[in-house]
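Examining the three-dimensional arrangement
Residue-level listing of the chains:
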Amino acid sequence: MSFGDKIAWDDTVLPFQLDRSDMRGRVARLDGVLSGVLKQHDYPDQVEALVAEMALLTALIGQTIKLRWKLSLQVQTNGPVRMIATDYYGPEAEGQPARIRAYASFDRDRITDAPPFQQLGSGYFAILINQGEGTQPYQGIVPIAGNSLSDCAAAYFAQSEQLPTTFALTYGKSTEAGGEEHWRAGGIMLQHMPKASPFAKDLPSEDDGVLRAHDLLDDDTKENWNRVNAHLATVEELELIGPSVPPTELLVRLFHEEQPRVYDSQPVRFGCTCSEERVRQSLSIYSAKDISRMTTDEGTVTADCQFCGTHYVLDPKTVGFEAEKPAEPGAETKTDGN
């Protein structure tokens, strides 16, 4: 594979369908997206791994939303990693890239040497979809369960969408010849088509009370599900994140008996929607007295974007609902010093 081919598949999501088994899925590879997300913060390795997994899930799930929609994934826990939040912004127009951003909040002193998922504790995993102005956002929540964030996402689809779903993900630090160490991630998401999802059984099969994919399967769909998952289990880490196997060839290798059919790939990029205008809007609910309490010793009001790290410095007189109105264009008098 040429270097150009590798670049073409990095930071993309490739949707596909398996006609024989009536399933759909996506293949994703993230490189620059993760660099954009992680370079903004000094995360411990365990936190970086969780953010990388969450960003990969966001790319795989977000590919299905419509133009200009926003999908968010959130984790809230009582563990050392208190919160992980990701946003996927649908393309503004056909052919344009989607944008992903991510952020984690954690207690550094509580981080242990345990695996990343064990840094979460108990809490919930949520998916939110915002369809735009004038609409009611959708939210679905499931408890933290299983052994990974992908297990939580699969449980969400079983519980909230009645869709058997499975993931094969890998992520980690990678170093190529002549390059610097950086994070890469790759994964596959598989789902039964909606018409193949029967009503769930009366009770979940697991003790935690959360539905899983196998709780949704009947005898007619179980055979297809087990067969395709057996194929998926043969995938290797380097096939998911390495430079040698394009996603199209990977799908043929894994699922050639399932009659795979691919669609147009979706490029994704790191991107944040913060702006000075948004900061001003968020401060517009405060009075001048409130703003004075926020003013630094240097006489400014500052704000930092948790997602991208951008630092904003504002004049306190110009923020809040009692802010001074800006001068009308042309009203300012200029002097030349004479």
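Per chain, residues are indexed from 1 in the order of the written sequence. Where local features are concerned, this predicted model is filtered to residues with pLDDT of at least 70; where side-chain atom pairs are given and counted, the filter is 80 or more; whole-chain, interface and lining totals use all residues. Note that water and hydrogens are dropped before the side-chain values are worked out from all heavy atoms of the structure.

With respect to the packing of helix 3 (residues 45–62) against helix 4 (residues 149–161)
The line we're drawing: Throughout, an axis means a line fitted to C-alpha atoms (over the contacting stretch in the case of helices), and angles, computed between N-to-C directions, take values from 0 to 180 degrees. Under the scheme used here, helices are H or I runs from DSSP no shorter than 4 residues and strands are E runs no shorter than 2 residues, and both carry numbers assigned from the N terminus. In what follows, residue pairs with any heavy atoms lying within 4.5 Å of each other are defined as contacts. Just so you know the grouping, Ala, Val, Leu, Ile, Met, Phe, Trp, Tyr, Cys and Pro go in nonpolar, Asp, Glu, Lys and Arg go in charged, and all remaining residues, Gly too, go in polar.
Orientation of helix 3 relative to helix 4, taken along the N-to-C sense of each, is 35°, at an axis distance of 9 Å. Mapping the contact onto sequence places L50, E53, M54, L57 and I61 in helix 3 and L149, S150, A153 and F157 in helix 4. Residues belonging to the contact of helix 3 with helix 4 are distributed by class as follows: seven nonpolar, one polar and one charged.

Section: the pairing of strand 6 (residues 123–130)
Rules: Note on pairing: two strands pair once DSSP finds at least 2 bridges between them.
Sheet analysis places strand 3 (residues 70–77) next to strand 6, joined by eight bridges and oriented antiparallel. Each bridged residue has a counterpart across the sheet, and for K70 the counterpart in strand 6 is N130. Bridge analysis of strand 6 against strand 7 (residues 138–143) gives six bridges, and the strand direction is antiparallel. The partner of A126 across the bridge, within strand 7, is I141.

A closer look at the side chain of E258
Selection criterion: Here the term buried applies to any residue with accessible area under 20% of the maximum for its type, exposed to any over 50%, and partly exposed to those in between, with areas from a 1.4 Å probe on protein chains only.
Position of E258 among the secondary structure elements: in the loop between helix 7 (247–255) and strand 10 (260–262). For E258, a relative accessible area of 0% corresponds to the buried category. Those residues in contact with E258 that lie beyond four places of it in its chain are L18, D19, R20, S21, R227, V228 and H231.

Examining unusual backbone geometry
The bulk of non-glycine residues show a negative phi, and the bulk of peptide bonds are trans. Of note in the backbone geometry, D11 takes a positive phi value of approximately 55° without being a glycine. Along the chain, D11 turns up in the loop between helix 1 (3–9) and strand 1 (12–18).

A short note on the packing of aromatic side chains
We count it as follows: Two aromatic rings from Phe, Tyr or Trp, using only the six-membered ring of Trp, form a pair when their centres are within 6.5 Å; if the ring planes differ by under 30 degrees the pair is stacked, by over 60 it is edge-to-face, and anything between is tilted. Two conditions define a charge sitting above a ring: the NZ of Lys or the CZ of Arg must be within 6 Å of the ring centre, and it must be within 35 degrees of the ring normal.
One pass over the full model with this rule turns up four aromatic pairs. Measuring from ring centre to ring centre gives 5.9 Å for Y43 and F106, while their planes differ by 70°; the resulting arrangement is edge-to-face. Taken together, the residues span a long stretch of sequence, with Y43 in the loop between helix 2 (32–38) and helix 3 and F106 in strand 5 (residues 98–106) at a distance of 63 residues. Across the pair, F106 and Y43 agree in class, each one buried. For the pair Y156 and F157, a centre-to-centre distance of 5.1 Å together with 70° between the ring planes defines the contact as edge-to-face. Using a relative accessible area of 2% as the deciding quantity, one classes Y156 as buried. Taking relative accessible area as the criterion, F157 reaches 9% and is therefore assigned buried. In this structure, R99 is placed above the aromatic ring of Y89, and the distance from its NZ or CZ to the ring centre is 5.1 Å. Lying across the ring of F307, R101 places its NZ or CZ 3.9 Å from the centre.

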